[in-house]
Amino acid sequence: MRVNLHIATILVVLLIHAALYNTSVDGGEFIGDYSKLSGIIIPGFASTQLRAWSFLDCPYSPLNFNPLDLVWLDTTKLLSAVNCWLKCMLLDPYNQTDHPECKSRPDSGLSAITELDPGYITGPLSSVWKDWVKWCIEFGIEANSIIAVPYDWRLSPSMLEERDLYFHRLKLTFETALKLRGGPSLVFAHSLGNNVFRYFLEWLKLEIAPKHYNQWLDEHIHAYFAVGAPLLGAIETVKATFFGNTFGLPVSEVTHSFLETTGLTAVTFTSLIEVFGRLSYYLVLLDLDAYSNTCLSCILARYQGTARLMFNSFASSLWMMPFSKYCRTDNSYCRHFAGGFRKGHHTYQCEEQEFRLNYSGWPTNIVNIEIPSVRGFAAYPSVTELAQTNLSSMECGLPTQLSFSAREISDGTLFKAIEDYESDSKRLLYQLKKSYHDDPVLNPLTPWDRPPIKNVFCIYGIDSRTEVGYYFAPSGKPYPDNWITTDVIYELEGSLYSRSGNLVEGNPGAASGDDTVPYNSLSLCKNWLGPKVNITRAPQSEHDGTDVQVDLNVEHQHEEDIVPNMTRSPRVKYITYYEDSESIPGRRTAVWELDKASHRNIVRSPALMRELWLQMWHDIHPGAKSKFVTKAKRGPLRDEDCYWDYGKARCSWSEYCEYRYFFGDVHLGQSCRLKNSSADALLNYL
């Protein structure tokens, strides 16, 4: 993507302004050269490429694994040599070591997080931070000012440090960026990346003298953008421990739609992949009527079981378990500097509300599960075994349904209750205690406090249908298919309902989540706001300010949600901004809620990237008059934002855009471009 002339002009103006000011860090405001800022990206779960670090010969397949071969995510090898692929992906469930025959390590650099599987079919589906980086390039961000810090997302936080020295290297990354660019960094974290960053901040307390800790943060981090942070965990993690997780990437979903479209049988499909690799995967597209579909479920079941086996081998799978907002552990930082033993165990304590209120601060009980009345071999009889059993003696042996709250999931009560019926329970309980409850730095399964960073922006999507509860029952099949889902509870726009569409009683929030993380987990960061909050609601798209609503100095009670008294147009997607710059002197806190922004795609949202850019530009501009960038108006910033208005027979936003044909344009909208005279357009946002 090219850098527009008006953008280049703006940057020159900025640099001239900045040259008249010394770079400073004072009272939460960074005023200085635009080129001094760095952006550090911490990706989410399964959002970093993993590459092989071994030679592995795969029998019955022409595709072997050699050092630096792509493992996560190479769909060709996943589909054609799944057993070999698993050896490179799976970890020992107890000590988190690699398979004896193959090991994988995270890739490095921006390429590790931009696109997981760069292919014609899977590329768009596995694109993560690619659009984000393109946006930065278009606005003239230097190549060495955007730094990716990928990590092995399969590991628990303590193993990240023990095996890879990840947090030591992350600390050095911040220090190198400061020396290289001359200014502090902006942290962009998505999903699990926020958990990683939180652990880093706690780890840092034990590495830096207490009196220098806040000073280090002020010097090295200007702002923290927490995008889609599961602040109380994510409920889908529980489902994944019972059924596996395809990570939103093309493992079974692409295969299913692919086979339905082509009419190809699962057996023939697998054979073609094993013989011809990716080539056959593409060639099948050319003959839609060549085959008939007879066994879709065969291949889908194969990969679903594989997904569960893989997911439960990762200690990181428990990092996103839902937990109670009312239960905490003691502070390792205080205990360490008070003379306590650093490797000591945490004390887990719950407030009175945990036992007085229902559901641990969640909308409903997360897991409702049927426990068989018999143990051992007879717990999961097959259909033929049931037919041969005298059912008259089983009247008093009906299964018992138990319900589990977030606290009972995070403290292991759920897994203890099904230990006799679930082979994975012992492994999960072992990792839950070793890697989380007994972690010497932090028990991550406890509520967040506001990070001690000058500027904190919590950003997430709302009002998408999101799972908040499950009903599980034995399937009568062996592991890994020994459970079935009998019902699912969803939240949607302030209501709870079941999979059948019936309303469900509970404690729904004012909104729903982002289709992956429930609203109460995402919105916990509203507790970081002070007693007086300014609220603004504006359309996500470019607007002239007529549909902007503002409510100043809204009363906010701690531990309570803030629900703005504002109207909505059913055809408009809004961003609602909650901003507080007064409660903590020299600190700013903001919460951005984006309507209908999904968890996985929010980092590709043009509206979010625009708002982040404007806020960053506002912060470094010496002429900024307000604490936050103004929301009064949003005009086009790029040529792509200009389009042809057929009703008026001209380019839209005539104040900013004009018709300017370039050779190669194929439609009118493509010839609508920003005016070269609009170099001072960004000054409207100060």
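The protein chain goes by Phospholipid--sterol O-acyltransferase in an unreviewed UniProt entry, where it is assigned to Populus tomentosa.

On to the environment of Asp164. With respect to the helices and strands, Asp164 occurs in helix α7 (residues 157-164). The class for Asp164 is buried, based on a relative accessible area of 17%. Not counting residues up to four positions away in its chain, the partners in contact with Asp164 are Asp152, Leu155, Met159 and Arg169. Side chain to side chain, Asp164 and Arg163 meet in a polar contact 2.8 Å long.

Attention shifts here to the state of the cysteines. Following the criterion strictly, the structure yields six disulfides and no others. Residue Cys58 pairs covalently with Cys84 via a disulfide, S to S 2.4 Å. With the S-S dihedral at roughly -130 degrees, the linkage between Cys58 and Cys84 falls on the left-handed side. Within this pair, whereas Cys58 is found in the loop between β4 (50-52) and β5 (70-72), its partner Cys84 is found in helix α3 (residues 82-89), the two being separated by 26 residues in sequence. Neither Cys58 nor Cys84 differs from the other in exposure class; each is buried. The disulfide that involves Cys327 links it to Cys350, with 2.0 Å between the sulfurs. Disulfide Cys327 to Cys350: torsion about the S-S bond roughly 105 degrees, handedness right-handed.

Hydrogen bonds between backbone atoms are what pair the strands of a sheet, whose relative direction is either parallel or antiparallel. Strand order in the open sheet formed by nine strands is β7-β3-β8-β9-β14-β21-β20-β18-β19, with mixed pairing between adjacent strands. Pairing within the sheet leaves two strands with one partner each, and these edge strands are β7 (146-148) and β19 (549-555). Each strand axis lies, on average, 15 degrees off the axis of its neighbour in the sheet, ignoring direction. By the bridge criterion, six bridges tie strand β20 (residues 574-580) to strand β21 (residues 588-595) in an arrangement that is antiparallel. Paired with Tyr577 across the bridge in β21 is Trp592. Most of the contacts of helix α23 (residues 606-620) go to β21, to which it runs at about 160 degrees, and overall it touches β8 (185-190), β9 (221-227), β14 (455-462), β18 (532-539), β20 and β21.

The rules we used
Residues numbered from 1 in each chain as written. Predicted model: local features only at pLDDT ≥ 70, side-chain atom pairs only at ≥ 80, totals over all residues. Heavy atoms only, no water. Helix = DSSP H or I, 4+ residues; strand = E, 2+ residues; numbered from the N terminus. Buried < 20%, exposed > 50% of the residue type's maximum accessible area, 1.4 Å probe, protein only. Contact = heavy atoms within 4.5 Å. Polar contact = N/O pair within 3.5 Å; in protein donor to acceptor, adjacent residues only side chain to side chain. Disulfide = S-S within 2.5 Å. Pairing = 2+ DSSP bridges. Axes fitted to C-alpha atoms, helices over the stretch in contact; angles between N-to-C directions.

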